[in-house]
Structures are given as structure tokens and as C-alpha cells.
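The primary structure of each chain is shown beneath.
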Amino acid sequence: MKKNLAILFILLSSSSIAQVDMSYYLPEGLSYNPEIPTPKQVLGYHPGEWHVSHDQLFYYMKEVSEASDRMFIEEIGRSHEGRPLVQLTITSPENLEKLDQLKSEHKDLTNPSVSGSLNTDDMPIVMLLGYSVHGNEASAGNAAVLLAYYLAAAMGDEIDELLKNAIIILDPCLNPDGFHRFSTWVNSHRSHEINPDPNDREYREAWPGGRTNHYWFDLNRDWLPLIHPESQARISRFHEWKPNILTDHHEMGTNSTFFFQPGIPSRKFPWTPDKNVDLTHKMAAFHAKYLDDIGTLYYSEESFDDFYVGKGSTYPDVNGGVGILFEQASSRGHAQENDFGILTFPATVRNQFTVSLSTLASGIAHRKEFLDYQRTFYQGSSDLASKDPVKAYIFGSDQDPYRNYELNKMLLQHQIQVYSLNKNLNKGGKAFKKDNAFVVPLNQSQYRLVKAIFETRTTFTDSLFYDVSTWTMPLAFNLPYAELNSKDLSALDLGDPLNRASMPKGELIGNKGAYAYAIQPKGYLSFKAINRLLSNKVVIQMLNESHTDGENVYPRGTMIIPVGVQENRRTWIEQTIDQIIKEDAVDVYALNTGLAKDGVDLGSRSNTTIKQPKVAVLVEGGVSSYEAGEVWHLLDQRYKMKVTLLPVDRLTRDLSRYNRIIIPNMSGSISESQKNNLKDWISRGGIVIAWKNGGKWLSDAEITNVGYMSPDDPEESLKTKPYADLNEERGAHVTGGSIFQAQVDLSHPLAYGMESDKIALFRNHNLVLERSTNAYANPIMYTQSPLLSGYVSEENLERFKNSPAVTISNVGRGKVITLADNPNFRGFWYGTNKIFMNALFFGGAISRNAGE
């Protein structure tokens, strides 16, 4: 009773936060090894009193692991900002002595050729507990401090039994950069007398907030694409151990309670076995009991789902384990008023620590069942593959090996077997070339994950999704791909699978000392190569008509480096060409004459001189930090281009140092002075590239005349409907993330270098562009039957059909290129990156007669 009164006092009194000590968190009835340093002995305060910063978190993990014979710490990678990514491996001292053997035996459970002979009666279960993948959901990372202490210091039969039968991988912070950013914010705004007023600045982070990583990406959506070093490190570690259980600790709105899985039953990913849900239910009983014991309100089977397999709580589900999502109501600081009184930071930390303990207890209670499930999961892959009429997927471009490389790199990190095609194959109207195409058989242990990555799906048991409804990777990469049947596959001699993905090299075709050099626009990194030259003021012209020299055809968009007009720079240019060939995966052609055998000569009046893009991307002021971050990452990391992160409120300033401004999705309005200054800048020759609500923002401000369809059906809006259907019906009209096909005008500068006149677009909104009155202003259009994969309501599908994906607008001497959709979604839409980069480099070549 005394303990319950203490809990109530913590929840209701803001001044009591300083009185929290370890007794508030730790289970009763246990003794603790005094040789293990407590958090206060190392950090100077009890958990929850302040927000632990990442450097403090790292320091405590080092100290506690050095003091304990039950654990050791390893650095598994570094974040974008150079912070260490660390994990603690925790088990009994006896298990640590034979850890390599235990790891090997455990991984053998995932190998159907040997797993049948393994005895799981005494095999330890492997549990990976991961915290704070969202940096501002800090109760999780702070709970990791408590868990590390508990597992190192607790003494007694219960903890001995746990450590004997489990190998625990503790990942205290999955997002060091965001976590550190957030702790700095809340600690720097913490008052001595904690003020729980939700209006206080402590609870109102400055844009972009601490949720995301350095480039403002949501790392909990990156388990599948693996764009970032944080994700790559954790996936490598995941497959090193193949955990049976993985926990993913989060926070949600301040007025919420606590959520644990299972999620909404109808939204389970179809390739997740039912046994996974059964085990999740068994774990839920432990979470409920442990939270009941401390009086915490909770719920499950609502709000959240297990569909998108690129999240931490779902990725294990297609890898033989069980992923568990926890969502704690957030104090977003040290204490904040909510519907239940005052939610203190220690209370949130305590809940996260408590469900960590319930996870460990449930894993031990059902240890053998989890291990046997993992074995049967992988043993069943062969049976599933034998029943599947699709026997393999083939993909690959012979025009751009770099996109092949990036997809192969991703697949291999997921332990998927990939084979190089050793002879030409025509399939589904597509030509796959030897050594430039790759085969992924389905008869492999990662069958379910292969299906998740390659399949398209348009029918669903539910019409609501917490995240995207599809993510078909070859469509995202805009790579030709096809399904192979048993006859197709048996005709191929695949040989050995790839050991690694090799970065392709370019080639100098011809000899140095040439009249001119050419780089064709088909390579993904061709603009990286061109930017190297432009940044050093090399003159480059672009072909708007094809040129043939008798040996090669140089299509529209080919970039010509005329050496004769800049002979004094020949040595530097040719040294840079050596670097381009080595690092940018594009071929460079040497041309010995400007005279064409067919097409235009190299000095044609139809050519465009390319200007180096001087890029600013709008930030703050209602701009989506995700989509601004995607632009920043793309240009900074892949193309090595300087980009200015320009706050919206600086649109009133001198913009003359830029010739390109990017406006991602955003909300809010534009002031009259911002509107006038931006419009004047465009009128003087500037180019704006905008999409989604960024484009509508320009239209609403009357900078462009781009029209948008009305979202409502007038007749439908007059109907009376049952209140009980409100959420379900509104949710069913959300387009949360689906893939659509568009028709491309390959003669247009936005399409230069594309291999096909069809392209897959990703859409996660319902804005629809209206067709321009200028027949040339919509060079990319949704097709008549556009849905390729994912969920969309029938009403929205009808609206999307034959609608523009791009509209070109003239504003004085400048242009606005309005895209319907985000071309850089989550960093893995390599296919539509091409549209964006063409707009950036070739936008100035678009004729004024092709704009509205």
C-alpha cells in the first residue's frame, strides 16, 4: 500500500520528481551487488531526474559492463554524426565462456539442412531489446540504463535462471543523434521547479525535433531499405544472432496510456505465420500482469498494426522471430499535465523498464516454444516455395549497373541469396542481359522476406494501414523485373550465389586527347560526375537532340564536355574523368570530331549549356522535415552537392545566390512579402521544384496556375451516415502509401536517360493535379489503369487515373516544376530520384512553349 501511495504521489506532484530513487523502479525482494555502479554513482543523478544524453548513456554502459562478469559491450557502428552504436551482450558467466558455440548452434536453427538434429531442451533463447529508435521518445533509452544495472547487479535464483537460459542483446539507443539532440533540448529548458504546463517551451521542440536521425529520417522505417549506417549496423547484428524476440520501445501522445502488442488482428502482414501471433498473445499476458502490479493503464489490439515489415516490431516477424512494439504515453520532457493528472518522466521510464522485465520473463517461460517456432519457420520455407508457382524473381538494368548494385547490396544485407544471370533471357517482354541481371530464387530460407520485397499486392483484408501498404523494391528502383516459373528457372545454370555486391566501375571508351568527351544520362550517378566538373567551372553542353558518330548513339540528355574551347583545362578535365570512371559508375566516351554521322553536330544550336545548380531546400515553417531531409541526404551523400537548408522565413531575403529552390510537402501559408520576393526571384530566371502540398502552396499563393481536383464528391457529402462508421470510412479513403504507374514522354528533359516510357510512382496522399490547357505541360501522366501495388479506395483510384504527375509552369523568365508526388521517398526510391535530378540539372532546358 505504501508503494502504491508513493506511485500516486509521483504522478500527481510536479515537485516530487527529485525524490525518485532506484527503489521506485526496481522489483522488490531482490538484493543487488554493491560492486556494480548505480546510475547515480556514474551519472550523478537517478534515472528520470534528468534526461540522460547519449554520451552519458554510452559512458554508463561502458562502466557497468566493465564491472560485471555477466556482460560485455561492443561497438557495432557509428551514426552519421560519429556517435558510437553499441550493444551489450548479457548472459551467465558460463555461457559467455562458450558464446561462439552457443551463437553457432542458435543460428543453425535457421538452417533447415541441419536444424532438425538440434536439441532445444537446454538451448538459451536470444532476446534483443532495442530502445529509442525515435530520439525524442526518451523514456526508452533511459529505461535501458535501469535494465543494464538490473541485469548486472541483481542477485538471486530468479536472475541466475534468467541468465542461464537467455542471451540478451541490449541496444540502449538505436538513434544516438536524435536522442542527443532531444536530451539537449529538454535538459536546457528544465526548471528547478518542474513546470508541467504543456505550453512550456520544454515540451515544444524546435523544428525538426529529436525524433529523427541526422538527416531527419525516421529510422524505424529503415529496417528494410537500410539507407543509413545506424540501420546497416543493427541489421548486421540482427542476422549475427537471429533473435527469437525483439522489442521496440516507443512513445505516443501525452494523453494516451500504454500499448503492447498484438496489434489490430486484421492488419497482420500476410506472410507472418499465425503462430507468431499466438506467441505474441502469450507474451501479452506477462505484460498485462507486470503493468497491473504497478497500476498502469494499458491496451492492445488497437491503433497499431504489423503490416509494413520495415519497422523494428515487424521485421523479426518475417525472420523467424517475434517483434514486439511498446508505446508509452510521452511526457516529452520532465513532467507534463495530461488527462490523468501529471505524467512524470520517471513514470514513463518505469513502464518501459517494467515491460522489459515482462519480456524477459515471458521469453524464459516459453523459451523452448520460441526456439522450436524459429526452427519450423525456416523449415517451412522449402514447402512454401514448392507450392508457389513463382520460383524466382529476375531483375536488372543493362543501362545503369549502379541501381543493380544498390538493390543487390540491400538484399545481401538481409541474408537473401542472389545469383548473377549467366546467359541472356527474355521474359515478360523484357530483355535481361548476362552479367547485368540477377536471379533471386524462392527456394531459400528467406522465402517470406523475398516475397515481402518483390511481390505486388492489391487485395487486402483491411482498408486501414498504420504505415505504407506496399514497398515493392524493383519498382522503387525502377528496374526491369519479372517472375520466373519452374521451366524458366531450370533452364538457368545459376552457379554460386553472390558473396558481396561490387560497386560498378565506369570505362573510358576511346582514348584521351579527344576533341570532346560525353557522359550519357542513363547512369544514376551521372549528375555526380557532371557536378564535379561544373563545380570547377568546366563548360558542359547538353544534347536536346541525338548525335551519332558512327560508333555510338548519344541520346537526348547526353552531356558533352568540349575540350577544344577550354584546352587550357584539358589536364585537369582528364584527371577528373579518371576519378569519374573509378567512383561514379558511369562510362565516359571520347569523341574525335564534332561532326555527326546522323543527328545534330556537337555544336548544335539546339544544345543547352548546363549551369551548376545552386540549391536551397526550404525548411522549418511547416515544411515536412522528413521530405526536406530526403533532399538533403540525396544531394549531400549521393551526389556530393552543396545544399542550403533555407528557413521559410528567409524567403524575404536576397535569394540571388540560388538558382534552384526545392519546396517539399508542407503546411501553412505564405506571407505577402515572402510570396512577392519568391515570385520575383522566379521571374528573374529561378527554378522551383515543388511537390504535394508544396506545389499547392504555390498555387494557393497564385504564383502558379496549377489546378487541383476537389477531394469531395458533392452527392456523397449530402448523405447521412452512421457515426459508428466514421473512423473506418474516413480511414478507408486514406492513401497511406501505394505504387502507381505513369506514362512518360521520353523526349522531355525530365525523362532524359530513362529506359522505359513507364515509371512507378509512390503516392501517400490524395492531392490530384488537373490537366494543363497546354498539351506539352504534363510530360508524365498517370495511366488509365495506374495501380501497381498497394491499397487505394475505388473513389480515389478513379480520381488518379489519367491525371498529371508533373505540371510545368512559366513564371516570367523562370519556371515552377510541380510534381504530384515526392520523388525521394525514404531514400530508397532510386527510380523517381531520376525525375528530381533531371528537374534539378535539366529544368532550365525545358522550352517556355511547354509550360502553362
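Before reading further, recall that the structure is shown in the block above.
The paragraphs below set out a description of the structure included in this document. Computed from a predicted structure; not experimentally measured.

Digging into the overall build of the protein chain
Step number 1: Helix and strand content of the protein chain: 25 helices and 35 strands.
Step number 2: Taking the principal axes of its C-alpha atoms as reference, the protein chain extends roughly 90 × 65 × 65 Å.
Step number 3: Relative to its full complement of 852 residues, the protein chain shows a buried share of 61%.
Step number 4: A separation threshold of at least 6 residues defines the contact pool for the protein chain, and within that pool the share at least 24 residues apart is 79%.
Step number 5: Summed over its atoms, the accessible surface of the protein chain is roughly 32700 Å², and 46% of this surface lies on carbon and sulfur atoms.

With respect to the packing of aromatic side chains
The geometry of two aromatic rings is summed up by the distance between their centres and the angle between their planes.
Step number 1: Per the counting criterion, the structure on display carries 45 aromatic pairs.
Step number 2: Aromatic pair phenylalanine 527 and phenylalanine 842: ring centres 5.2 Å apart, planes at 70°, arrangement edge-to-face. Here phenylalanine 527 is found in helix α17 (residues 526-534), whereas its partner phenylalanine 842 is found in helix α25 (residues 830-842), with 315 residues between them in sequence. Assigned by exposure class, phenylalanine 527 and phenylalanine 842 land together as buried.
Step number 3: Its end group placed over the ring of phenylalanine 377, arginine 448 keeps NZ or CZ at 4.2 Å from the ring centre.
Step number 4: A cation over an aromatic ring shows up here: arginine 763 above the ring of phenylalanine 800, its NZ or CZ 4.2 Å from the ring centre.

Regarding the sheet that holds strand β16 (residues 438-441)
Step number 1: As summarised here, the arrangement of the four strands in space is β13-β16-β12-β17, forming an open sheet in which the pairing is antiparallel. One side of each edge strand has no neighbouring strand; the edge strands of this open sheet are β13 (419-420) and β17 (481-484).
Step number 2: Relative to β16, β13 is paired through two bridges, and the arrangement is antiparallel. For serine 420, the partnering residue across the bridge sits in β16 and is phenylalanine 438.
Step number 3: In the packing of helix α13 (residues 401-413) onto the sheet, contacts are made with β12 (392-395) and β16, and the angle to β12 comes to roughly 150°.
Step number 4: Those strands touched by helix α14 (residues 447-454) are β12, β16 and β17, and its axis lies near 45° from that of β12.

Considerations on the pattern of salt bridges
Step number 1: Throughout the structure, instances matching the rule amount to 44 salt bridges.
Step number 2: Of the charged contacts, one joins glutamate 75 and arginine 78 as a salt bridge, the two residues approaching to 2.8 Å between their closest N and O atoms.
Step number 3: In this structure, glutamate 81 and arginine 83 form a salt bridge, with 2.5 Å as the shortest nitrogen-oxygen distance.
Step number 4: If you follow the salt bridges from partner to partner, you end up with Glu137, Arg211, Asp218, Arg221, Asp467 and Arg826 in one network.

Considerations on helix α9 (residues 229-241)
Step number 1: The end-to-end C-alpha separation of α9 is 19 Å, in line with the 18 Å expected for 13 residues at 1.5 Å each.
Step number 2: Along α9, the positions that sit buried rather than exposed are Glu230, Ser231, Ala233, Arg234, Ile235, Arg237, Phe238, His239 and Trp241.

Quick notes on the sheet that holds strand β6 (residues 166-171)
Step number 1: Ordered in space as β2-β3-β6-β4-β7-β9-β8, the seven strands form an open sheet in which the pairing is mixed. On the outer flanks of this sheet lie β2 (71-78) and β8 (258-260), each paired with one strand and no other. Each adjacent strand pair in this sheet contributes to an overall mean axis angle of 20°, direction not counted.
Step number 2: Pairing of strand β4 (residues 125-131) with β6 involves six bridges; the strand directions are parallel. Directly across from leucine 128, in β6, lies its bridge partner isoleucine 169.
Step number 3: This element, helix α6 (residues 139-153), spans β2, β3 (84-90), β4, β6, β7 (245-252) and β9 (322-329) of the sheet and lies at about 140° to β4.
Step number 4: Sitting on the sheet, helix α7 (residues 157-165) is in contact with β3, β4 and β6, with an inclination near 90° to β6.

Structural notes on the pairing of β3
Side-chain positions along a regular strand alternate between the two faces of the sheet.
Step number 1: In terms of burial, β3 is largely enclosed, as seven of its seven residues are buried.
Step number 2: The alternating pattern of β3 places Pro84, Val86, Leu88 and Ile90 and Leu85, Gln87 and Thr89 on opposite faces, both of which are buried.
Step number 3: Relative to β3, β2 runs antiparallel, the two being bridged by seven bridges. In the sheet register, isoleucine 73 faces β3, and the bridge partner there is leucine 88.

Observations concerning the packing of helix α19 (residues 625-638) against α25
Step number 1: At a minimum axis distance of 12 Å, the contact between α19 and α25 shows a crossing angle of 85°. By the criterion of interaxial angle, the relationship of α19 to α25 is roughly perpendicular. Across the interface between the two elements, Val631, Leu634, Leu635 and Arg638 of α19 pack against Tyr830, Asn833, Phe836, Met837 and Leu840 of α25.
Step number 2: For the contact of α19 with α25, a count of residues per class yields seven nonpolar, one polar and one charged.

Focus: unusual backbone geometry
Step number 1: Going from tryptophan 207 to proline 208, the amide bond is cis rather than trans, its omega being 5°.
Step number 2: Tracing the sequence through the fold places proline 208 in the loop between α8 (176-188) and α9.
Step number 3: Proline 262 follows glutamine 261 through a cis peptide bond whose omega is 20°.
Step number 4: For proline 262, the location among the structural elements is in the loop between β8 and α10 (274-293).
Step number 5: Even without a glycine there, the phi angle at arginine 332 is positive, about 50°.

So, α25
Each α-helix winds once per 3.6 residues, and so residues spaced three or four apart point in a common direction.
Step number 1: The end-to-end C-alpha separation of α25 is 18 Å, in line with the 18 Å expected for 13 residues at 1.5 Å each.
Step number 2: When you tally the buried positions in α25, you get 13 out of 13 residues, the bulk of the element.

Some thoughts on the environment of serine 683
Step number 1: By the element assignment, serine 683 lies in helix α20 (residues 672-683).
Step number 2: Serine 683 sits in the partly exposed class, given a relative accessible area of 25%.
Step number 3: Counting along the chain gives 128 residues from serine 683 to valine 811, while the straight-line C-alpha distance between them is 5.3 Å.
Step number 4: Beyond its immediate chain neighbours, meaning those up to four positions away, serine 683 contacts Val811, Gly812, Arg813 and Gly814.
Step number 5: Polar contacts involving the side chain of serine 683 include one to the main-chain carbonyl oxygen of lysine 679, which spans 2.8 Å.

What about the environment of leucine 325?
Step number 1: Take leucine 325: it is sitting in strand β9.
Step number 2: Linking leucine 325 and valine 538, residues 213 residues apart in sequence, is a C-alpha distance of 53 Å.
Step number 3: Apart from the residues lying within four places of it in its own chain, the contact partners of leucine 325 are Asp248, His250, Phe259, Phe260, Gln261, Phe304 and Ser313.

A closer look at the side chain of arginine 237
Step number 1: Within the secondary structure layout, arginine 237 lies in helix α9.
Step number 2: A polar atom in the side chain of arginine 237 sits 2.6 Å from the side chain of glutamine 87.
Step number 3: Apart from the residues lying within four places of it in its own chain, the contact partners of arginine 237 are Glu74, Ile76, Gln87, Thr89 and Ile169.

Considerations on the side chain of asparagine 244
Step number 1: Mapping asparagine 244 onto the fold places it in the loop between α9 and β7.
Step number 2: Judged by relative accessible area, asparagine 244 falls into the buried class, the value being 1%.
Step number 3: Looking at asparagine 244, its side chain comes within polar contact range of the side chain of glutamine 374, at 3.0 Å.
Step number 4: Excluding anything up to four places from it in sequence, asparagine 244 contacts His106, Ile125, Val126, Gly321, Val322, Phe370, Leu371 and Gln374.

Describing the environment of proline 664
Step number 1: Assignment of secondary structure puts proline 664 in the loop between β29 (660-663) and α20.
Step number 2: Between the C-alpha atoms of proline 664 and asparagine 822, which are 158 residues apart in sequence, the distance is 7.5 Å.
Step number 3: Apart from residues lying up to four places away in sequence, proline 664 is in contact with Val617, Leu618, Val623, Glu627, Ala628, Trp691 and Gly694.

About the cut-offs
- Residues numbered from 1 in each chain as written.
- Predicted model: local features only at pLDDT ≥ 70, side-chain atom pairs only at ≥ 80, totals over all residues.
- Heavy atoms only, no water.
- Helix = DSSP H or I, 4+ residues; strand = E, 2+ residues; numbered from the N terminus.
- Buried < 20%, exposed > 50% of the residue type's maximum accessible area, 1.4 Å probe, protein only.
- Contact = heavy atoms within 4.5 Å.
- Areas by Shrake-Rupley, 256 points an atom, 1.4 Å probe, with all protein chains shown as cover.
- Phe/Tyr/Trp six-rings, centres within 6.5 Å; stacked < 30°, edge-to-face > 60°.
- Lys NZ or Arg CZ within 6 Å of the ring centre and 35° of its normal.
- Pairing = 2+ DSSP bridges.
- Axes fitted to C-alpha atoms, helices over the stretch in contact; angles between N-to-C directions.
- Salt bridge = Lys/Arg side-chain N within 4 Å of Asp/Glu carboxyl O.
- Expected span 1.5 Å × (residues − 1).
- Parallel < 35°, antiparallel > 145°, perpendicular 65-115°, else oblique.
- Nonpolar A, V, L, I, M, F, W, Y, C, P; charged D, E, K, R; others polar.
- Polar contact = N/O pair within 3.5 Å; in protein donor to acceptor, adjacent residues only side chain to side chain.

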